[in-house]
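Fold and geometry: a report
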Amino acid sequence: MAAAWEKGKAVESGESPFVLGSIVRIFMKNFLTYTVCEVHPGPNLNVVVGANGTGKSSIVCAICLGLAGKPAFLGRADKVGLFVKQGCMKAIVEIELFKSPENILITREIYVANNTSVWFINRKPATLKTVEEQIAALNIQVDNLCQFLPQDKVGEFTRLSKTELLEATEKSIGSPEMYQFHCELKNFREKERELENFFREKNTSLEKMKQRVERYKQDVERYHECKRHVDLIEMLERKRPWVEYENVREQHEEVKQCRNQVKKELKCLRELQAPWTRKIQEAEENLNNLDMKTRDNTAEIRNISQKCKEKQDALEMKDKQIEEINQAFRMKKDEETNRQKKIYQTQQIIEEWQSELDTMAVCENLQPQIDAVNTELKKLQEEKANIDNNVSDLRAEKTNQEREEKRIIDRLGQLNNIMHVKEEKLKQRFRDTHSALLWLRNNKDKFKKKTCEPMMLEVRDRQNLRVNAVCAPDKSCAEILPSRPIEELHRYGFYSYLRELFDAPSPVMSYLCYQYRVHDVPVGTQKTRDMIERVIQETNLKQIYTAEERYVIKMSSYTKQTITSNICLKDAQYLTSSVDTEERGQLENQRQNISNTLKSLDARLTALFERQKLLDLKDNKLRQEKKALLERENRRRQLESKIGVKYDSLRQLEQDAIDLEKEFQLANVKIKEINKQKAELVTELMHLMKRIIPLNVDKVDLAFQMTRVTAKKNRLQSEYKAGTVQLRAAQQRLHELDNKKQHLYDKCRELMKQAQHICRLRPDQDFPEEFQVAFQTLPNTLEEIDAFLNEEKTRASCFTGLSSSVVEEYNKQTQEIQQLTEYLEEKRNELNNYKQNISQIKEKWINLLKVMIEQINEKFSKFFSSMQCVGEVDLHKENEEEYEKYGIRIRVKFHSSTELHELTPYYHSGGEKTVSTMLYLMALQELNRCPFRVVDEINQGMDPTNERRVFEMVVETACKKRTSQYFLITPKLLQNLTYNDKMTVLFVYNGPFMLETYKWNLKCFKKRQRRLSNITAS
């Protein structure tokens, strides 16, 4: 593969016959049918020949997928992972494209997992977008049917619409700007159409808006007149709180002057009462000083009392400590007493156990008895295991029997259900027969012999039911043989007698054979019906059945001629659901046998359970006996162990002895220390008591002084009270005036806020000049303002049904009209620009398009003329301005007696469509900008004559100098075709005996061929 890459480089150095973008090499690994394959196509026509299934189309798939094509375009699979060879996880496709000075190598690695691909350009990692850009730069279009026509897409070419064919042709052979001009024309035309529709709609809306504004104009004038009255009312309502505020402010000033006068009078009265006031203040100061001293004295007494209490609490705590020491000593004393008591009790227990141990005789050997018991227990266990196994077997057998019984019951239920369906049909069609059937089932004991259901001969019973009943013949006719074996009638299409096609109880079958001779009535097939006349003449049968008819053959008593009648068989109505009575009887017997078996199993299980109980009782008794023997053997060892434990406990108790004398002395030392601390606390307490006595004496003295000062203050206040009556009256008058002044002030503030709120003024904002000018023309008293306000409100109320929304809507509509007018002017300019652009681009595109179609038509007509046929290619357009509907129309005539007809997938034959497609592609070949074209098995629908002509044209066209590379894939070629030295033939073979690629040597094959030829000639 590396050598091929270097070879590709070398080719570029000289003048190469390859055009830019042609395929120099194709490499495939684990791709579809190929394990490893490398193809080196030629620069001109490449004919890929091989039997079906060898892998020709695999090369086409490799070209498509290797050049970033989509799997869906190939029509084989929708996932790229499906192109990996069966059993492999990865495939590689490598395409080498011609480009000077160095070829381009595009590699695609396909992974089955997640259907992913990895791309390389010149063996360097790349993205799919980069690969697509590189391929587009070379004008390679694997999704264009005019350039790349895979096997599964051949039929789609003729189904392309005129528009699709035009676009595909533009992309394939047109100049790069042609398709771009076409797309721009379609886009501009679409925008132009949208703008025209938009302009039309907006003009209509503009006219409607103007009409609507005219209707609003009168209402707006009436609204403005009403607004003038409303504005005057609003101004009156704004001035009214200011007038009210001014009135209250004047009252506030009058009250303020009266208050100042009363305040002066009160000042004179207070100056007259000043001496008495000073004496009372001095008395209050003395009283305050005495009160402060009393509080200090009381605090000191409280502090000392608190300390005394603390000392008393400490003495009580010391007493508690002494009590706790005494209590601890008593507990140790009690503990020592308990210890002595436990030692005595332990010694008593040891003596008792030792006495029992001494008196106990040497144990006899109990092992033989224990072994005997164990042997007996083992036998019991074995017997119990046998019983358990038997129980398990019986239960399993019982389960199987119950399961079988359930199956039989279910099957009987199904059979009974079939009988029920048949009875319902009988009841609906023949009610009397059904009633007779029920009577028969209840009265079977009245018949001497077996009865069968239903009955057929007409009888009458006591219930007056009209029914049919039959009596079977005394001698059974059920086994009578037919008059001739059925094998003799096989040649007439008969395959059975009527009796063999159904089952019935023996009496019923006997009656049917006796009465209707069903054992001698043959049943035939369609063959019988087709040769019925011959059957009647040669077989002498009286009655015949076929699949659809019944034939009855009679002999005329007078003319001795054969009379045949046939009746079409009706659909089965009453015997479609059948019951196998033999199966039903067998099931009933099986059910009875199973019931007996289950009873027997239950009895055996009960006996086994009783035996299990007896064995369990015996087992428990033996186990208790074994336990007693084991306890007798272990008793002595247990006593010895217990005595040892008790001796250890006794030694521990003796070690834990308490020295009570020592504990008593320690307690006395602690108590003496505590008593010493108590003596110190008592001394401190006595010292505090001595300090508190003088303080109590001072407290009593201060109380006497406070009493004297209080009496003096009360006397002064009594003398002062007589002169304060006039002062209090003045104070009361001043207080009332203060309250009234404050009330008027608050009211002024409230009215000010209300007036500012109505006028929408901030607290710190000056009174606007416009309000001052407006207020001068209005009344100045509340009465005049109220009268004027009522008059204006009455006038304003006459204007009903108006609102500000009318004016808002009027202004809004006026503004929208202006905006829409300006917007439409902009759109008109934009529309003119689009029309100008369309006109410019259309002229360029149409000129290029006409030249291209004329060239295609010239080549296409020439090819058809060489085949003694007529073909034309022209430009199809329904409307000059509908650029998206422009298309290429192909018209052909294959017979001189017909007219030119447009190529469609329905009018022309498959061969005609294939020839037309191939010649159209050949017409594009010399004009094609694409580097190569691929056509896969397009010659399969042609007759030999057309195939030869088309092949010669392909060879002639594709082998011209500097033409595009051409790939023609076909499974076969006609004999004696015309070939060219510039064409390359690639033979594709496949099979288990194929040579490996590296073993293929064409020189060796030619040398061997010459040697064999020489041998043959000699």
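Residues numbered from 1 in each chain as written. Predicted model: local features only at pLDDT ≥ 70, side-chain atom pairs only at ≥ 80, totals over all residues. Heavy atoms only, no water.

As for the overall build of the protein chain
For the protein chain, the helix and strand inventory stands at 22 helices and 21 strands. Relative to its full complement of 1018 residues, the protein chain shows a buried share of 35%. In the protein chain, the share of contacts with a sequence separation of at least 24, taken over all contacts with a separation of at least 6, comes to 72%. When the accessible surface of the protein chain is totalled, it reaches about 64400 Å², and 50% of it is carbon and sulfur. (Helix = DSSP H or I, 4+ residues; strand = E, 2+ residues; numbered from the N terminus. Buried < 20%, exposed > 50% of the residue type's maximum accessible area, 1.4 Å probe, protein only. Contact = heavy atoms within 4.5 Å. Areas by Shrake-Rupley, 256 points an atom, 1.4 Å probe, with all protein chains shown as cover.)

Observations regarding the sheet that holds strand S18 (residues 901-902)
The three strands lie next to each other as S16-S17-S18, forming an open sheet whose pairing is antiparallel. Only two strands of the sheet have a single partner each, and these edge strands are strand S16 (870-876) and S18. With two bridges joining them, strand S17 (residues 887-893) and S18 adopt antiparallel strand pairing. Across the sheet, residue Val-892 finds its bridge partner in S18, namely His-901. (Pairing = 2+ DSSP bridges.)

Some words on unusual backbone geometry
Residue Pro-101 is reached from Ser-100 by a cis peptide bond, and omega for that bond is 10°. Note on placement: Pro-101 falls in the loop between strand S4 (90-97) and strand S5 (104-111). Phi at Asn-114 is positive, roughly 65°, even though this residue is not glycine. When you line up the elements, Asn-114 lands in the loop between S5 and strand S6 (116-121). Taking the relative accessible area as the measure of exposure, Asn-114 reaches 70% and is therefore exposed. Although it is not a glycine, Asn-976 sits at a positive phi angle of roughly 60°. With respect to the element layout, Asn-976 can be found in the loop between strand S20 (965-970) and strand S21 (984-988). With relative accessibility at 72%, the residue Asn-976 sits in the exposed group.

Focus: the nonpolar core
Counting residues in hydrophobic clusters, the biggest one holds 45 residues, and the most contacted among them are Phe-31, Leu-67 and Phe-148. At seven residues, the largest contribution of residues to this core is made by helix H2 (residues 56-66). Other than its neighbours up to four places away in sequence, Phe-148 contacts Val-60, Ile-63, Cys-64, Phe-73, Leu-74, Gln-141, Val-142, Phe-932 and Val-934. (Core = buried A, V, L, I, M, F, W, Y, C linked by side-chain atoms within 4.5 Å.)

So, the pattern of salt bridges
Inspection of the entire model under this criterion finds 26 salt bridges. One salt bridge connects Arg-330 with Glu-323, and the closest N-O pair in it is separated by 3.3 Å. What makes Arg-330 partly exposed here is its relative accessible area of 37%. A relative accessible area of 44% places Glu-323 in the partly exposed class. Put simply, Arg-25, Glu-38, Glu-94, Glu-96 and Arg-123 are held in one network by salt bridges that share partners. (Salt bridge = Lys/Arg side-chain N within 4 Å of Asp/Glu carboxyl O.)

Topic: the confidence of the model for the protein chain
Summing up the model confidence of the protein chain, the mean pLDDT is 77 and the portion of residues at 70 or higher is 83%. Predicted confidence is poor over residues 455-465, with pLDDT under 50, and the contacts of this stretch with residues over four places away or in other chains come to 26 contacts. (pLDDT = per-residue confidence, 0-100.)

Focus: the state of the cysteines
A full pass over the atoms with the stated rule returns zero disulfides. With no disulfide of its own, Cys-61 has Cys-64 as its nearest cysteine by sulfur position, at a separation of 7.3 Å. (Disulfide = S-S within 2.5 Å.)

Some remarks on a positive patch on the surface
Taken together, the side chains of Lys-1006, Lys-1007, Arg-1008, Arg-1010 and Arg-1011 present a region of like positive charge at the surface. Mapped onto the fold, Arg-1010 is located in helix H22 (residues 1002-1017). (Patch = residues over 30% accessible without salt bridge, like charges linked within 9 Å, V, L, I, M, F, W, Y side chains within 5 Å. Lys, Arg positive; Asp, Glu negative; His and termini not counted. Charge placed at Lys NZ, Arg CZ, Asp CG, Glu CD.)

Describing the environment of Thr-564
Position of Thr-564 relative to the elements: it lies in strand S15 (residues 562-568). A relative accessible area of 38% places Thr-564 in the partly exposed class. Sequence spacing of Thr-564 and Ile-536 is 28 residues, and the spatial spacing of their C-alpha atoms is 8.5 Å.

Quick notes on the pairing of strand S2 (residues 34-39)
One ladder, built from five bridges, connects strand S1 (residues 23-31) with S2; its direction is antiparallel. Bridge assignment links Phe-31 to a residue of S2, and that residue is Tyr-34. Between S1 and S2, which pair antiparallel in sequence order, lie two residues; one of them, Leu-32, sits at a positive phi of approximately 50°.

Here's the deal with a nonpolar patch on the surface
Residues Val-985, Phe-987, Tyr-989 and Met-994 make up a contiguous nonpolar surface patch of roughly 420 Å² in combined accessible area. Mapped onto the fold, Met-994 is located in the loop between S21 and H22. Overall, the relative accessible area of 40% leaves Met-994 in the partly exposed class.

Quick word on the sheet that holds S20
Ordered in space as S8-S19-S20-S3-S21, the five strands form an open sheet in which the pairing is parallel. Looking along the sheet, the strands with just one partner apiece sit at the ends: strand S8 (148-149) and S21. Running over the sheet, H2 touches strand S3 (45-50), S8, strand S19 (932-936), S20 and S21 and is turned about 145° from S19. Strands in contact with helix H21 (residues 944-958) are S3 and S20; relative to S3, the strand with the most contacts, it is inclined by about 140°. (Axes fitted to C-alpha atoms, helices over the stretch in contact; angles between N-to-C directions.)

What about helix H13 (residues 532-539)?
What H13 keeps buried is the set Ile-532, Val-535, Ile-536 and Thr-539. The arc that holds every buried residue of H13, seen down its axis, measures 100°, which confines them to one face. Pointing more than 90 degrees away from the buried face of H13 are the exposed residues Glu-533 and Gln-537. Contacts made by the buried residues of H13 are with strand S11 (494-497), helix H12 (526-530), strand S13 (543-545), strand S14 (549-555) and S15. Phi turns positive, to about 55°, at Asn-540, one or two residues after H13. (Arc of directions from axis to C-beta.)

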